[in-house]
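Take a look at the letters that make up each chain.
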Amino acid sequence: MGRINGTALIIAALVVTVGALAFPVWSYADRSGTGEANLNAGSVSTRWGPLSATDRDFIVKVRLAGLWELPAGQQAVERAPSKAVKEAGDHLIVGHTDLDERVRGIASQLGVELPNQPTAQQQGWLRELTAASGEDYQRKFANLLRVAHGKVFSLIAQVRDTTRNSLVRQLASDANQTVLDHITVLEGTGYVDFDAIANDTAGKSTASPTGPPPPDGDTPPQPDPAAPTGDVSGTSRPSPGAPGTVNTDRPEPQM
């Protein structure tokens, strides 16, 4: 009888120990300080899906982008010596006028308060452009705007990938087309310093570069084309237009 009671006590102790070890694993997703808990804590329910803190930050940043990039575009149309920079300015005006209408409508539906003035940093960029002239102006315009668009480009991808809100998802899709179009025309001016952009990004990275080895001077073998097998005929068409162009067609704003 004593041996049976001793065995039962050992088994009970093991069960308690295993349970104590497993509990943190089972409950980890609901504990404060975890990614999922932080996401839920910063989210509010809407009829279009949960609206996270990142979603709201994105909406505000789309608005802020238009508040300084649209006047920067107008300034380029009025002051730039070259046709290419004037064209880039025209794209900024048209793109951000359209995008601002969309973001204002979505913010109203979701109850997100929007700013009416650019940030102090953005106002500083506008003053820097206003003080410049000639080739210096064109170079500053192309690079300030290209760097700004590049930074928001990564945020758009993150939001488009992770948002659970259908209105924010559509805004991210619209913003992606607009920003890619602006990046394309800014690079088309010939003034963008790609080395400076790459070096700035590399300076903020701690990861070692990965990828295939550098070319050794020999021509590599041609890879086989990626294509379906058998008799398959698709009905859709690739979305990109002609090289160097961006299709900016999109549905009407949801108001």
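Note that the structure is predicted; figures quoted are calculated from it, not measured. (Residues numbered from 1 in each chain as written. Predicted model: local features only at pLDDT ≥ 70, side-chain atom pairs only at ≥ 80, totals over all residues. Heavy atoms only, no water.)

Asks: Looking at this model, I keep getting lost on the confidence of the model for the protein. Mind explaining?
Replies: The predicted coordinates ought not to be read in detail in places where the model reports low pLDDT. Mean pLDDT over the protein stands at 85; residues scoring 70 or higher make up 80%. With pLDDT under 50 throughout, residues 20–30 is counted as low confidence; its partners more than four residues away or in other chains account for 5 contacts. (pLDDT = per-residue confidence, 0-100. Contact = heavy atoms within 4.5 Å.)

Asks: So what exactly am I meant to see when it comes to the packing of helix H5 (residues 120–131) against helix H6 (residues 134–162) here?
Replies: Two packed helices can be described by the angle between their axes and the distance between those axes. Interhelical geometry of H5 versus H6 gives an angle of 160 degrees and a closest axis separation of 9 Å. The angle between H5 and H6 places the two elements in the roughly antiparallel class. The crossing of H5 and H6 is left-handed. Residues Trp125, Glu128 and Leu129 of H5 lie in contact with H6, whose contacting residues are Tyr137, Lys140, Phe141, Leu144 and Leu145. (Axes fitted to C-alpha atoms, helices over the stretch in contact; angles between N-to-C directions. Helix = DSSP H or I, 4+ residues; strand = E, 2+ residues; numbered from the N terminus. Parallel < 35°, antiparallel > 145°, perpendicular 65-115°, else oblique. Left-handed = near helix turned anticlockwise from the far one by under 90°.)

Asks: What's the story with the packing of aromatic side chains in this structure? I'm lost.
Replies: Think of a pair of aromatic rings as described by two things: how far the centres are apart, and how the planes are tilted against each other in angle. Under the counting rule described, the total for this entry stands at 2 aromatic pairs. Seen in terms of ring centroids, Trp68 and Trp125 are 5.0 Å apart; in terms of plane orientation they differ by 50 degrees. Their pairing is tilted. Here Trp125 lies in helix H5 and Trp68 lies in helix H3 (residues 53–79), a separation of 57 residues in the sequence. Centre to centre, the rings of Tyr137 and Phe141 are 6.2 Å apart; their planes meet at 25 degrees, and the pair counts as stacked. Taken as a pair, Tyr137 and Phe141 lie in helix H6 at a separation of 4 residues, close to a single helical turn. Judged by its relative accessible area of 0%, Phe141 falls in the buried class. Of note, Arg79 hangs over the ring of Tyr137, and the distance from its end group to the ring centre comes to 4.6 Å. (Phe/Tyr/Trp six-rings, centres within 6.5 Å; stacked < 30°, edge-to-face > 60°. Buried < 20%, exposed > 50% of the residue type's maximum accessible area, 1.4 Å probe, protein only. Lys NZ or Arg CZ within 6 Å of the ring centre and 35° of its normal.)

Asks: When you look at H5 in this model, what are you seeing that I'm missing?
Replies: Along an α-helix, a turn takes 3.6 residues, which lines up residues three or four apart on a common side. The end-to-end C-alpha distance of H5, which contains 12 residues, comes to 17 Å, matching closely the 16 Å that a straight helix rising 1.5 Å per residue would cover. Along H5, the residues that are buried comprise Gln122, Trp125, Leu126 and Leu129. Viewed along the axis of H5, the buried residues span an arc of 100 degrees, placing them on a single side of the element. Along H5, the residues that are exposed and aim more than 90 degrees away from the buried face are Ala120, Gln121, Arg127 and Ala131. (Expected span 1.5 Å × (residues − 1). Arc of directions from axis to C-beta.)

Asks: Looking at this structure, how should I read the pattern of salt bridges?
Replies: Side chains that differ in charge, positive against negative, can pair when their charged atoms come close. Here the structure, examined in full by the defined rule, presents 7 salt bridges. Of the charged contacts, one joins Arg102 and Asp98 as a salt bridge, the two residues approaching to 2.8 Å between their closest N and O atoms. Within this pair, Arg102 and its partner Asp98 are both found in helix H4 (residues 83–110), separated by 4 residues, close to a single helical turn. Residue class for Arg102 comes out buried when judged on its relative accessible area of 5%. Between Asp100 and Arg104 there is a salt bridge; the shortest N-O distance is 2.8 Å. Separated by 4 residues within a single helix, Asp100 and Arg104 lie in helix H4, roughly one turn from each other. (Salt bridge = Lys/Arg side-chain N within 4 Å of Asp/Glu carboxyl O.)

Asks: I would appreciate a short explanation of the packing of H4 against helix H7 (residues 166–187) in the present structure.
Replies: Their axes nearest at 10 Å, the elements H4 and H7 cross at an angle of 170 degrees. Compared by their axis directions, H4 and H7 come out roughly antiparallel. Across the interface between the two elements, Ala88, His91, Leu92, Gly95, His96, Leu99, Arg102, Val103, Ile106, Gln109 and Leu110 from H4 touch Leu167, Val168, Leu171, Asp174, Ala175, Thr178, Asp181, His182, Val185 and Leu186 from H7. Across the contact of H4 with H7, the residue classes tally to 12 nonpolar, 6 polar and 3 charged. (Nonpolar A, V, L, I, M, F, W, Y, C, P; charged D, E, K, R; others polar.)

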